[in-house]
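Topology and contacts: notes
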Amino acid sequence: MNVKRKRRYTLVAASAAALALVLTACSSDDDGGGGDGDGGGDATSSADCADFESYGDLSGKTITIYAGIVDPEDQPYKDSFVPFEECTGAKVDYQADKQFEQQILVRAQAGNPPDIAIVPQPGLLAQLVATGTVKEAPEAVAANVDEFWGEDWKALGTVDGTFYAAPSGASVKSLVWYSPQEFEANGWEVPTTLDELTTLSDTIAADSGHKPWCAGIASDAATGWPVTDWMEDFVLREGGPDVYDQWVSHEIAFNSEVPTAALDAVGTFLKNPDYVNGGFGDVSSIATTAFQDGGLPILDGQCSLHRQASFYAANFPQGTDISENGQVFAFYLPGKTAEDKPVLGAGEFVTAFADRPEVQALLEFWSTDTWANLKAQASVDRTNGGWITANKGLDASILTNPIDKLSADILLDPNAVFRFDGSDMMPAAVGSNAFWKEATSWITGQSTKDTLDKIEAAWP
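Every value quoted in this text rests on a predicted model; they were computed, and no experiment measured them.

1. As for the nonpolar core
Ranked by size, the top nonpolar core spans 130 residues in total, and within it Phe 84, Trp 177, Phe 254, Leu 305, Leu 362 and Trp 366 carry the most contacts. Counting six residues, the second largest nonpolar core, distinct from the first, contains Trp 225, Phe 291, Ala 309 and Phe 311.

2. As for the sheet that holds strand S11 (residues 329–332)
Strand order in the open sheet formed by three strands is S10-S9-S11, and the pairing between neighbours is antiparallel. Of all strands in the sheet, those bounded by a partner on one side alone are strand S10 (306–307) and S11. Two elements, strand S9 (residues 175–178) and S10, share two bridges in a ladder whose sense is antiparallel. Bridge pairing links Val 176 to Arg 307 in S10.

3. Quick notes on the environment of Ile 286
Its place among the elements puts Ile 286 in the loop between helix H10 (257–270) and S10. Along the sequence, Ile 286 and Val 276 sit 10 residues apart, while their C-alpha atoms lie 8.3 Å from each other. Sequence-distant contacts of Ile 286, that is, excluding residues within four places in its chain, are made with Ala 215, Gly 216, Ile 217, Ala 218, Leu 270, Val 276, Asn 277 and Ile 443.

4. So, the state of the cysteines
Within this structure, the stated rule accounts for two disulfides. Covalent S-S linkage joins Cys 49 and Cys 87, the inter-sulfur distance amounting to 2.1 Å. Sign of the S-S torsion, about -70 degrees for the bond between Cys 49 and Cys 87, identifies this disulfide as left-handed. Linking Cys 49 in the loop between strand S2 (19–27) and strand S3 (62–67) with Cys 87 in helix H2 (residues 82–88), this pair joins segments that are 38 residues apart in sequence. Accessibility expressed as a relative area gives 11% for Cys 49, which makes it buried. Here Cys 214 is linked by a disulfide to Cys 303, with a sulfur-sulfur distance of 2.0 Å. A residue pair is termed long-range when its members are at least 10 positions apart, and Cys 214 in the loop between helix H8 (194–207) and helix H9 (225–248) and Cys 303 in the loop between H10 and S10 qualify at 89 residues. Looking at Cys 303, the relative accessible area reads 0%, which means it is buried.

5. What to know about the pattern of salt bridges
Considering all chains together, one arrives at 12 salt bridges under this definition. A salt bridge links Lys 173 to Asp 229; the shortest N-O distance between them is 2.9 Å. Of this pair, Lys 173 sits in the loop between strand S8 (166–172) and S9 while Asp 229 is found in helix H9, placing the two residues 56 residues apart along the sequence. Overall, the relative accessible area of 7% leaves Lys 173 in the buried class. For Asp 229, a relative accessible area of 1% puts it in the buried group. A salt bridge links Asp 421 to Lys 173; the nearest nitrogen and oxygen atoms lie 2.7 Å apart. You can see Asp 421 sitting in the loop between strand S13 (417–420) and helix H14 (422–425) and its partner Lys 173 sitting in the loop between S8 and S9, a full 248 residues away along the chain. When salt bridges with common partners are traced through the structure, they connect Asp 115, Arg 356 and Glu 358 into a single cluster.

6. Some points on helix H16 (residues 448–458)
Those residues of H16 not exposed but buried are Thr 448, Thr 451, Leu 452 and Ile 455. Each buried residue of H16 lies within a common arc of 85 degrees when the element is viewed along its axis, so the set occupies one face. Away from its buried face, by an angle of more than 90 degrees, H16 presents the exposed residues Lys 449 and Ala 457. On its buried face, H16 is in contact with H9, H10 and helix H15 (428–443).

7. A closer look at empty space enclosed by the protein
To find leftover empty space, a probe the size of one water molecule is rolled over the atoms. A full pass over the atoms with the stated rule returns five cavities of 30 Å³ or more. The calculated volume of the largest cavity comes to roughly 760 Å³. In this structure, the largest cavity is lined by 39 residues; those nearest its centre are Gly 68, Ile 69, Pro 120, Phe 311 and Glu 348. Of all the secondary-structure elements, those providing two or more residues to the lining of the largest cavity are helix H1 (74–80), S8, H9, strand S12 (342–352), helix H12 (369–383) and H14. Along the lines of polarity and charge, the residues of the lining of the largest cavity split into 15 nonpolar, 13 polar and 11 charged. No fewer than three residues from each of domain 1 (56–172 + 345–418) and domain 2 (175–342 + 425–458) sit in the lining of the largest cavity.

8. Points about the pairing of S3
Most of S3 is tucked away: five of the six residues are buried. The sheet contact formed by S3 and strand S4 (residues 91–96) spans six bridges and is parallel. Of the residues in S4, the one forming a bridge with Tyr 66 is Gln 95. Here three bridges tie S3 to strand S5 (residues 116–119), and the two strands are oriented parallel to one another. Within the sheet, the bridge partner assigned to Ile 65 lies in S5 and is Ile 116.

9. Brief notes about the packing of aromatic side chains
Throughout the structure, instances matching the rule amount to 33 aromatic pairs. Geometrically, the ring pair formed by Phe 52 and Tyr 55 is edge-to-face, given 5.9 Å between the ring centres and 65 degrees between the ring planes. Of the two residues examined, Phe 52 and Tyr 55, each falls in the buried class. Within the aromatic cluster, the residues linked to one another by ring pairs are Tyr 77, Phe 81, Tyr 94, Trp 366, Trp 371 and Trp 387. The aromatic ring of Tyr 66 is capped on one face by Arg 107, whose charged end is 4.7 Å from the ring centroid. Residue placement shows Lys 375 over the ring face of Tyr 77; its charged tip is 4.4 Å from the ring centre.

What counts as what
Residues numbered from 1 in each chain as written. Predicted model: local features only at pLDDT ≥ 70, side-chain atom pairs only at ≥ 80, totals over all residues. Heavy atoms only, no water. Core = buried A, V, L, I, M, F, W, Y, C linked by side-chain atoms within 4.5 Å. Buried < 20%, exposed > 50% of the residue type's maximum accessible area, 1.4 Å probe, protein only. Pairing = 2+ DSSP bridges. Helix = DSSP H or I, 4+ residues; strand = E, 2+ residues; numbered from the N terminus. Contact = heavy atoms within 4.5 Å. Disulfide = S-S within 2.5 Å. Salt bridge = Lys/Arg side-chain N within 4 Å of Asp/Glu carboxyl O. Arc of directions from axis to C-beta. 1 Å grid on protein atoms, 1.4 Å probe; cavity = no way out; pocket = protein on both sides within 12 Å on 5 of 7 lines; lining within 4 Å. Points joined across faces, edges and corners; volume = space filled by probe spheres on them. Nonpolar A, V, L, I, M, F, W, Y, C, P; charged D, E, K, R; others polar. Domains from an automatic or database assignment. Phe/Tyr/Trp six-rings, centres within 6.5 Å; stacked < 30°, edge-to-face > 60°. Lys NZ or Arg CZ within 6 Å of the ring centre and 35° of its normal.

Written as structure tokens, this is what we have:
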């Protein structure tokens, strides 16, 4: 298959239920034109589908995708596969499940995996590979990843020297959501250090009539994961990148000095009854509030600050003004000094359990710059954006959402020190099990010492 073609597509929303695809051929390795075809006016037929010919006629074939990316973030994924479906004849069956992290392993062990899974944790990927059900990535996918991603991203989809899973989306997690309009009205400034963030929180608590912070960590079987992000951000800030790497790889104990200081630092925000939980209740309400709802009280003036990743933009109602002067925006979660730029991020990895021709074709399409731009445009059209990728072929002009632009600026800052989400790198028994569960217990009253001791004991 030819993996060097580069094309640009623009998705235009025709209605809430339909999209039309307009194709502009930017370049091609072929000398010929658009092919013969049947004519007709369908934007995805005839010459428009010429670049999909290498995937073959897949009529009557169905490819199942299983993921934990649920409404409303799932719809742009579905939209991004429309050109592939219409031009190849294949059907893509996207199945979303909030229980994904647990069920995908159960299904793999039972010999009933999907064709493809979107795996958010390299640690979980390694556990899936150990079941013997994951297929090595096709050569065409590996070639695309070599072209469009850095070596570090390819390494995250590699287990024991074998490349299995191409990266897909990326996110910046070191963000605090706020209302620029509220800040302007009250004369509050965006903080540039952690000390300034604490001072701002104290000011809001004293003067605004509401709690400064709101949060939610409920996520079905994954309840607790937002606390792990908080802790990872603070391990980066308390210990720096080298200590962070040692903690993630278990070269230092989970309950050692820096991780302990980091979780205690998180507690000065999340377990402070003067700070939380605006719009929901007291500290304990954090554990029962859905993470998707955690930041919504900002819109009602019931809280002012919410730490969550760039993808959270999709959870605000359609039509929300998400901009530098709008109803809601985000600022970088600062380091200890204004010069420190630690950045926590994450990503998704496309993992296959089948190697039928139609599955390999979709995997190849998914790993191209073409798909990345389709997905970015669909996210803009459907969910206010909130999706970025480290794919080097991404057309930055698509990123009309200021949050997406902010995220890209943070990732590209030459002073930024980027680290991948720690829990996603840890063994699944810790990163997607004990860490989540004990973080939830910590929110509801368990001590820092007991919490970290129990997570340390769970390390395989």
